Amino acid sequence: MTIDALFETGADHQADAAPSITIPRPDDWHVHLRDGVMLRAVLPYTAAQFARGVIMPNLVPPVVTVADAHAYRDRILAGRPEGSDFEPLMTCYLTDNTDPDEIERGFAERGWIAAKLYPAGATTNSSHGVSDLAGLAPVLERMEKIGMPVLIHGESTDPEVDIFDREEVFMEHTLLPMLKRHLGLKVVVEHATTSGTVDIVRAHAPRMAATITPHHLVINRTSIFQGGLRPHLYCLPVAKRESHRLALRRAVTSGESCFMIGTDSAPHMRSAKQAECCSAGVFGGVTALQTYVQVFDEEGALDRFEAFASLNGPRFHGLEPNRGTVTLVKKPGVAVAAVPIGDEDIVVFRGGETLPWSVGGTKP
Ligand SMILES: NC(=O)N[C@@H](CC(=O)O)C(=O)O
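Residues numbered from 1 in each chain as written. Predicted model: local features only at pLDDT ≥ 70, side-chain atom pairs only at ≥ 80, totals over all residues.

The protein has the name Dihydroorotase in an unreviewed UniProt entry, where Aquamicrobium ahrensii is given as its organism. Note on the protein: under the UniProt heading Function (unreviewed entry), the record states "Catalyzes the reversible cyclization of carbamoyl aspartate to dihydroorotate." (UniProt positions renumbered as here; feature names shortened; annotations may be inferred.)

J.: Provide a residue-level description of the UniProt feature "binding site: Zn(2+) 1" (unreviewed entry) in the protein, including the pertinent values.
T.: Here the UniProt feature "binding site: Zn(2+) 1" (unreviewed entry) sits at His30, His32, Lys116 and Asp264. These annotated residues cover 235 residues of sequence, but their C-alpha atoms sit close together, with the largest distance between any two at 13.0 Å. Of note, His30 is situated in strand 3 (residues 28–31). For His30, the residues in contact, after removing those within four places along its chain, are Val54, Met56, Glu190, His191, Thr211, Gly262, Thr263 and Asp264. Residues in contact with His32, not counting those within four places in the same chain, are Met56, Asn58, Ser265, Ala266 and Pro267. (Helix = DSSP H or I, 4+ residues; strand = E, 2+ residues; numbered from the N terminus. Contact = placed C-beta atoms within 7 Å.)

J.: Account for the environment of Leu319, with residues named and values stated.
T.: Relative to the helices and strands, Leu319 is located in the loop between helix 12 (305–317) and strand 11 (325–329). Classification of Leu319 by C-beta neighbours within 10 Å gives partly exposed; the count is 13. (Buried ≥ 20, exposed ≤ 12 C-beta atoms within 10 Å, placed from the backbone.)

J.: Describe the UniProt feature "modified residue: N6-carboxylysine" (unreviewed entry) in the protein, listing the residues and the values that go with them.
T.: Look at the UniProt record and you will see "modified residue: N6-carboxylysine" (unreviewed entry) annotated at Lys116. In this fold, Lys116 is placed in strand 6 (residues 114–117). You can call Lys116 buried: it has 26 C-beta atoms within 10 Å. Excluding residues that lie within four positions of it along the chain, Lys116 makes contacts with Met56, Pro57, Thr91, Tyr93, Leu94 and Leu151.

J.: Requested: an account of the nonpolar core, with residues and values cited.
T.: Ala115, Val150, Val201 and Ala210 are the most contacted members of the largest nonpolar core, which totals 98 residues. Counting residues per element, this core draws most heavily on helix 11 (residues 288–298), which supplies 6 residues. Excluding residues within four positions of it along the chain, Val201 makes contact with Val189, Ala192, Met208, Ala209, Ala210 and Cys258. (Core = buried A, V, L, I, M, F, W, Y, C linked by C-beta atoms within 7 Å.)

J.: Quick rundown of helix 11? Include the residues and the values.
T.: With 9 of 11 residues buried, helix 11 lies mostly within the body of the structure. Along helix 11, the residues classified as buried are Ala288, Leu289, Gln290, Thr291, Tyr292, Val293, Gln294, Val295 and Phe296. Backbone geometry just after helix 11 places Gly300 at a positive phi near 65°.

J.: Please provide a residue-by-residue account of unusual backbone geometry, values included.
T.: Omega for the peptide link from Val60 to Pro61 comes to -5°, which places this bond in the cis form. With respect to the helices and strands, the residue Pro61 is situated in the loop between strand 4 (52–55) and helix 3 (66–79). A cis amide bond links Leu236 with the next residue in sequence, Pro237, at an omega value of -5°. Note on placement: Pro237 falls in the loop between helix 8 (215–218) and helix 9 (242–252). Positive phi outside glycine occurs at His191, with the angle close to 35°. Residue classification places His191 among the buried positions, given that 26 C-beta atoms sit within 10 Å. If you check the backbone angles, Arg350 has positive phi at about 65° while not being a glycine.

Spelled out as structure tokens, the structure:
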């Protein structure tokens, strides 16, 4: 990593004068690319920011077989912009009927690198998820044996549980017992949102890790209601109170290897967000790196950005870091406000706002 802080003055040198940071190209360890026209609309943004992406399998119908994963991977590769070398890392969607042999076959063939566990009904397109966690034990045992990580959407689906407590209840009642039952299982808690979760992850590292989104580092639950209801800030797990946001910022900037990028970029059409019943998901793929690096800058931790962005994820998954580099520049920039799709569009998280950091050049 190099940090260039050339505080030259003079208009001619304005671009060169901006502080910048160059790191190995980062990966997005949690991204929803969808399919069809939406895939083709959003993929260029993720491919511009990240070298690889762990592709969430919650399509309709979900990615459950090795054949499904191969076919979806081919559609992603075909949807890449000209010249892009973006590499999709596939996942499979666990259900009550998942066959441990199919899981192992996909992992051995590198058809997928991990399996995603959605408790049934927890979030968008999770109705085929796992309703009987005890019944999943043979699958988790197999994954433990072959060293295949499970990526967990960690929220209780009990409708009696307050929505702001669902992650905490899941951790206490489901995740901690699961970790005890499967002592060798590699686990990623996806989109961690609470201080309790990051403490649990720390306590179980290195076999455990967490992805943390850009939006959970910059918004809290009050943001969702600031001046009125903000549907484009609604996602699951829902943002928590300020003390949790601050704990997440401490976690990502701590330098600990168990925290990694995972944008949870989750595009929904504007009409699905600005609706009587708003879909859950924040479309953060366009402004992810600008947001993460801003947070590290604000926390005085730019020297730790490389580990979080580019090294921790590959290390957890047993992959090499990327060879190319990306340069981020402390130069104000404005991302597109929305990405058009036919007659509609998808609203971009922090799109249209002046952000203090911009993405500079990428070297393959
Ligand atoms: N994060 C979200 O709010 N939504 C995701 C699903 C998920 O990861 O929970 C989506 O697919 O839209």
